[in-house]
Amino acid sequence: MTARKREESLLKTPIAITALTAADLEKRGVNSINDVVNATPGINVSNVSSGRNDRSFQQISLRGMTPSTVSSTLTASFIDGVPVASSTALNAVIDPARVEVLKGPQNAYFGRNAFAGAINIVTKDPGDDFGGSFTAMGGTRNNFEVSGALEGPIVRDILSFRLTGKAFAKDGSYTNRANPNQNLGDQKTRTGTLQITFKPSSRLSIKAMGLYSEDEDGPSAQGMLSSYEIRANNGAVNIPALSGSNAGTVIVPNMSNCNISGFSAGILPTENRVSRPFICGAAPALQSAFSPAQNTTEDALLARILGNGASRVVSPKDGTKGYGLVRQYYHLHLNVDYELGDTGVTLTSLTGYNNEFYSELADLDNYDSSLLRNVVATQANGLRTFWSFPFLIERRNKDFSQEVRATYDRGGAFKGMLGGSFLRTEAAGSIMSVANEEVSGLPRAASSLSPPGKAETVGIFASFSYKLTDALTFNAEARYQRDKIFASSGGRTLTISPAVAAQYGLPAGTYAPLTSFFNKTYENFMPRVIVNYDVNPDVMVYASFSQAANVSIGSFNTAFLSGTAAEINTAQAIGLQVVTRPERLNNYELGLKGKFLNGRVLVSAAAYLADWKNQYNNRSNIFVDPQTRVSTIVSGVANTGKTQLKGFELDINAEVTDGFVINASGSINDSDIKSFTDPAVSRLTGLIGTDFSGNQLPLTSKYSANLGAQYTGDLAEDMTWFVRGDLSYKSRQFTDPGNLTWIRGRALVNARMGLTRGDFSLEAFATNLFNDKRYISVAQSNVLDPTFSLAASAFSYLTVALPELRTFGIKAGYRF
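Rules and cut-offs
- Residues numbered from 1 in each chain as written.
- Predicted model: local features only at pLDDT ≥ 70, side-chain atom pairs only at ≥ 80, totals over all residues.
- Heavy atoms only, no water.
- Helix = DSSP H or I, 4+ residues; strand = E, 2+ residues; numbered from the N terminus.
- Rg over C-alpha atoms; globule rule 2.2 N^0.38 Å.
- Buried < 20%, exposed > 50% of the residue type's maximum accessible area, 1.4 Å probe, protein only.
- Contact = heavy atoms within 4.5 Å.
- Lys, Arg positive; Asp, Glu negative; His and termini not counted.
- Charge placed at Lys NZ, Arg CZ, Asp CG, Glu CD.
- Disulfide = S-S within 2.5 Å.
- Core = buried A, V, L, I, M, F, W, Y, C linked by side-chain atoms within 4.5 Å.
- Pairing = 2+ DSSP bridges.
- Axes fitted to C-alpha atoms, helices over the stretch in contact; angles between N-to-C directions.
- Phe/Tyr/Trp six-rings, centres within 6.5 Å; stacked < 30°, edge-to-face > 60°.
- Salt bridge = Lys/Arg side-chain N within 4 Å of Asp/Glu carboxyl O.
- Patch = residues over 30% accessible without salt bridge, like charges linked within 9 Å, V, L, I, M, F, W, Y side chains within 5 Å.
- Areas by Shrake-Rupley, 256 points an atom, 1.4 Å probe, with all protein chains shown as cover.
- Polar contact = N/O pair within 3.5 Å; in protein donor to acceptor, adjacent residues only side chain to side chain.

J.: In this structure, what is going on with the overall build of the protein chain? I would like to understand it.
T.: Per the secondary structure count, the protein chain includes nine helices and 46 strands. Taking 2.2 N^0.38 as the reference for a compact globule, 816 residues should give roughly 28 Å; the C-alpha atoms of the protein chain span a radius of gyration of 27 Å, in line with that estimate. Principal axes of the C-alpha set define a box for the protein chain whose edges measure 80 × 65 × 50 Å. With 816 residues in all, the protein chain has 56% of them scored as buried. For the protein chain, long-range pairs separated by at least 24 residues make up 69% of all intrachain contacts whose partners lie at least 6 apart in sequence. Taken as two groups, the 75 positive and 71 negative side-chain charges of the protein chain have centres that lie 4 Å from each other.

And the structure:
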């Protein structure tokens, strides 16, 4: 393991870690970060946001800690210890040496974003001899994957290389009810990597890696569960709950099963109560005649809109040409290790660069609205003849990182490390209403460009480990970190009046679009202390205490400052401040690691208690702006949460008999909300302030478990066979801290069997063997219609992420 920036045995590392080796990944069929999540208890991932479920982002929840917004993360991602722009980048690594999931705060070593933990992909070093591999897979729904690797010496014992490539594609599992000739969930990926290792002497090692990945996906697979019925009445929208009439054809069924007494605004407990229909308890199954459905008309009108590069962060040449996702990712890193003679000191440098963009066009209303007539469309103006609500969401992420450190280890009682790091992160985004242009004929708004984000992080870290006795070791680690966060204007000119400047502590003045007008530096000290004791040579117990701080590139709320008077007033009403405080965490942990029964059983266990304060919570309000007469959302983050987390994690790997291996793991990740504030949630649930106390955090499973069994046997002298089954279970996930609605727990079963003869392998597999159709994640949204009658109300529908259905396939491989 490299959890403490040096290679250690998993069983001798006093940190909670789940590790998957190359053999584990191959036998379990792990190909993506979602597969890693399925194979790891205590971790959830959500791809759902703002009415869509796609690969543009992956929000990871580790030990129950769910990020407040889709643009922030509490779990850091690394390739060979070098930070990467987003967790989606981890999918691009082909045939890694291992995957390390580090649980609990890792800020002392890994810095920003490692508040809940970290995921590190360790790549394989190039081999000393020429060799390689080739694999090909084919499966149902046109699943296919081909991948290859080639490695060998350029100058023997000095310079070597490893080249990999992969192409993958599959058809989606669902039919678009608005376009029966189209699948939802189509995916296509192409990836390539090149690694060069240079070892001019026994003391110097240089490893360089370059990675390129691109995704080209169709419309994503998500469903809609609405608490209101919508009808189309001769082209006009009719919402029976508001009109009292049942005239027209049902285009969105009513799935509500309760009425919740919520608040009018959700800001004060003295507000008037408003009863609204909603979906309580477990989210029901979709009505297949209506959902999933997306209007995805692609024609000259849409092509003209997407061909316009104004107020976008991705050029039309590179961006999506229709409904779905286009994503490109570049990653470079250079790792250098130099041993200073026989001093025991190793100097290390890690340099990294990431550049990623995505462009996604999605129909955010999530139902077939083709029967709703667009009243402003004429043959002359050429607008869309029916009402729809497509948006183009684009983002660019770039970062550069540099770390240097000196490590001391002469095999004695004392080990030490001292280092420094720098990370510059830049993000730019745009959210463009295609609906305004193709339905309403309105010009593109400069406000489509979001305020860009920028952060510069400088850290100094140190650690030492001292063996007090042959059995007892004391470890101390710490990081001092300075995060400089920049606030910028959006796509419109920003004028900050003296009154607003005084209220928010900002410089008054007028600022051009997309320019920085303010910055703030946060300073944090993050220690971790560990004491570990060897009960015997095979068993270790440990106790640790750590403190963590989270400063996000989104720590400022500036978008509303460029808004209309109504937007600014709304932001003030829901208590948004421009500057937020860092989130903080105190974590206490006890653990045990060891091997038993002559090494046939390996056990890792950990129990933890964590206090999370200054928690970022989203605060939002939706209203119809009287100036623009369109539905507008004002949102941001505020330090309005406090939660206590506690849990227990257990991993067991047992070789029952020769050739028969069982992997069993499970976790209980409990959360107890102490305080929470979000007007949007209070408006719906009728809970406010301390009413949330004792509830669970949303979008995470309290209980999760994995069970795998594999038998390997001999068929002939050079032929072996295997059969393997894996069960993954995640318990229910609440939609919000009110805990009134949830998606059911899900059990996923995968099976594989195959044989190997010499360098050739052949296997058959089935994923989601029992075709479990339960949702994998969920988000709350507002029902949209041409009148926006419900857009300014409380949440009124659920966006549910649909799982990939049962897949059968065959995979063949050859190594040389």
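J.: Hey, could you run me through helix α8 (residues 565-573) in this one?
T.: One turn of the α-helix equals 3.6 residues, which is why residues spaced by three or four share an orientation. Listed in full, the buried residues belonging to α8 are Ala-566, Glu-567, Ile-568, Thr-570 and Ala-571. One or two residues past the end of α8 sits Gly-575, with phi positive at roughly 80°.

J.: Even after reading the chapter, I still don't get the state of the cysteines, so can you show me in this structure?
T.: Here, disulfide denotes a covalent bond that connects the sulfur atoms of two cysteines. Tallying each qualifying case throughout the model produces one disulfide. A sulfur-sulfur separation of 1.9 Å characterises the disulfide bridge that pairs Cys-258 with Cys-280. Around the S-S axis, the bridge from Cys-258 to Cys-280 shows a dihedral of about 75° and counts as right-handed. One end of the pair, Cys-258, is in strand β21 (residues 258-263); the other, Cys-280, is in the loop between β22 (273-278) and β23 (281-282), and 22 residues separate them in sequence. We classify Cys-280 as partly exposed; its relative accessible area is 23%.

J.: Would you explain the nonpolar core in this entry?
T.: Soluble globular proteins: nonpolar side chains tend toward being buried together. Core analysis: the biggest nonpolar cluster contains 40 residues, and Met-65, Val-99, Ile-119, Leu-585, Trp-612 and Leu-645 have the highest contact counts within it. Elements that contribute at least two residues to this core include exactly α2 (33-38), β2 (43-46), β5 (59-62), β8 (98-103), β9 (117-122), β16 (204-217) and β35 (601-624). For Val-99, the contacting residues outside a window of four places in its chain are Thr-18, Ala-19, Leu-20, Leu-25, Val-36, Ile-119, Asn-120 and Ile-121. Core analysis: the next-biggest nonpolar cluster, separate from the first, contains 27 residues, Ile-485, Tyr-504, Tyr-511 and Ala-566 among them.

J.: Please clarify how the sheet that holds strand β44 (residues 777-781) should be interpreted in this entry.
T.: Strand pairing within a sheet occurs via backbone hydrogen bonds; the two strands may be parallel or antiparallel. With antiparallel pairing, the three strands of this open sheet are ordered in space as β17-β45-β44. For this open sheet the edge positions go to β17 (222-226) and β44, each flanked by a neighbour on one side alone. On average, each strand axis in the sheet is inclined to that of its neighbour by 25°, with strand direction left out of account. Where β17 lies against strand β45 (residues 797-801), five bridges are found, and the strand directions are antiparallel. Each bridged residue has a counterpart across the sheet, and for Ser-226 the counterpart in β45 is Tyr-797.

J.: It is not clear to me how the sheet that holds strand β1 (residues 17-21) should be interpreted in this structure. Could you clarify?
T.: Taken in spatial order, the five strands make up an open sheet running β1-β8-β9-β6-β7, and their pairing is mixed. Because the sheet does not close on itself, it has two edges, and the strands there are β1 and β7 (82-83). Pairing between β8 and β9: six bridges, direction antiparallel. Along β9, the bridge assignment pairs Glu-100 with Asn-120.

J.: Looking at this structure, how should I read the environment of Gly-563?
T.: Position of Gly-563 relative to the elements: it lies in the loop between β33 (539-550) and α8. For the pair Gly-563 and Ile-251, spaced 312 residues apart in sequence, the C-alpha to C-alpha distance is 34 Å. Setting aside chain neighbours within four positions, we find Gly-563 in contact with Arg-492 and Ile-568.

J.: How should I be thinking about unusual backbone geometry in this particular structure?
T.: Trans peptide bonds make up most of the peptide bonds, and negative phi angles are found at most residues other than glycine. In this model, Ser-291 is joined to Pro-292 through a cis peptide bond whose omega is 10°. The topology assignment puts Pro-292 in the loop between β23 and α5 (300-306).

J.: How should the packing of aromatic side chains be read in this particular structure?
T.: Aromatic ring pairs are reported here in terms of the distance separating the ring centres and the angle at which the planes meet. Under the counting rule described, the total for this entry stands at 19 aromatic pairs. Plain terms: the ring middles of Trp-387 and Phe-389 are 6.1 Å apart, the flat faces sit at 25° to each other, and that makes the pair stacked. Here the two residues Trp-387 and Phe-389 agree in accessibility, since each one is buried. Measuring from centroid to centroid gives 5.8 Å for Phe-389 and Phe-788, while their planes differ by 70°, and the two rings are edge-to-face.

J.: How should I be thinking about the pairing of strand β46 (residues 807-815) in this particular structure?
T.: Along a regular strand, successive side chains alternate from one face of the sheet to the other. Judged from the seven bridges that link them, strand β10 (residues 131-139) and β46 form a sheet pairing that is antiparallel. Opposite Ser-133, over in β46, you have Arg-815 as the bridge partner. Where strand β43 (residues 760-767) and β46 come together, eight bridges link them in antiparallel fashion. Across the sheet, the residue bridging to Ala-766 is Phe-808, located in β46.

J.: Looking at this structure, how should I read the environment of Ala-221?
T.: Among the structural elements, Ala-221 can be located in the loop between β16 and β17. Since its relative accessible area comes to 8%, Ala-221 is described here as buried. Remark: the alpha-carbon pair of Ala-221 and Asp-54, spanning 167 residues in sequence, is separated by 7.7 Å. In this structure, Ala-221 is in contact with Asn-53, Tyr-174, Leu-184, Gly-185, Val-800, Ala-801 and Leu-802, ignoring residues within four places of it in sequence.

J.: Just checking my understanding: could you explain the pattern of salt bridges for this structure?
T.: Here the idea is simple: oppositely charged side chains can pair when their charged atoms come close. Throughout the structure, instances matching the rule amount to 40 salt bridges. In this structure, Arg-98 and Glu-100 form a salt bridge, with 2.7 Å as the shortest nitrogen-oxygen distance. The residue Glu-214 makes a salt bridge to Arg-190 at a minimum N-O spacing of 2.6 Å. With Glu-214 in strand β16 and Arg-190 in strand β15 (residues 187-198), this pair connects stretches of sequence that are 24 residues apart. Three or more residues are tied together by salt bridges with common partners; here these are Arg-55, Asp-215, Asp-217, Arg-327 and Glu-356.

J.: Can you help me understand the pairing of β45 in this one?
T.: Taken across its five residues, β45 has five buried, putting it largely inside the fold. In β45, alternate side chains face the same way, and those of Tyr-797, Thr-799 and Ala-801 on one face and Leu-798 and Val-800 on the other are all buried.

J.: Help me understand a nonpolar patch on the surface, please; the structure alone is not making it clear to me.
T.: A cluster of nonpolar side chains, namely Leu-150, Leu-163, Leu-194, Leu-715, Leu-755, Phe-760, Leu-762, Ile-810, Tyr-814 and Phe-816, defines an oily patch on the protein surface of about 890 Å² accessible area. Going through the elements one at a time, β43 and β46 are the ones with two or more residues in the nonpolar patch. Structurally, Leu-194 can be placed in strand β15. Judged by relative accessible area, which is 40%, Leu-194 ranks as partly exposed.

J.: What exactly am I supposed to notice about the environment of Ala-747 here?
T.: Within the secondary structure, Ala-747 is located in strand β42 (residues 746-757). Once the C-alpha coordinates of Ala-747 and Val-37 are considered, the two residues, 710 residues apart in sequence, prove to be 13 Å apart. What Ala-747 contacts, discounting residues up to four positions off in sequence, is Leu-727, Ser-728, Tyr-729 and Asp-772.

J.: Please explain the side chain of Glu-477 as it appears in this structure.
T.: Within the fold, Glu-477 resides in strand β29 (residues 472-488). Residue Glu-477 is classed as buried on the basis of its relative accessible area, which comes to 5%. Within the local environment of Glu-477, its side chain forms a polar contact with the side chain of Arg-528, the two groups lying 2.6 Å apart.

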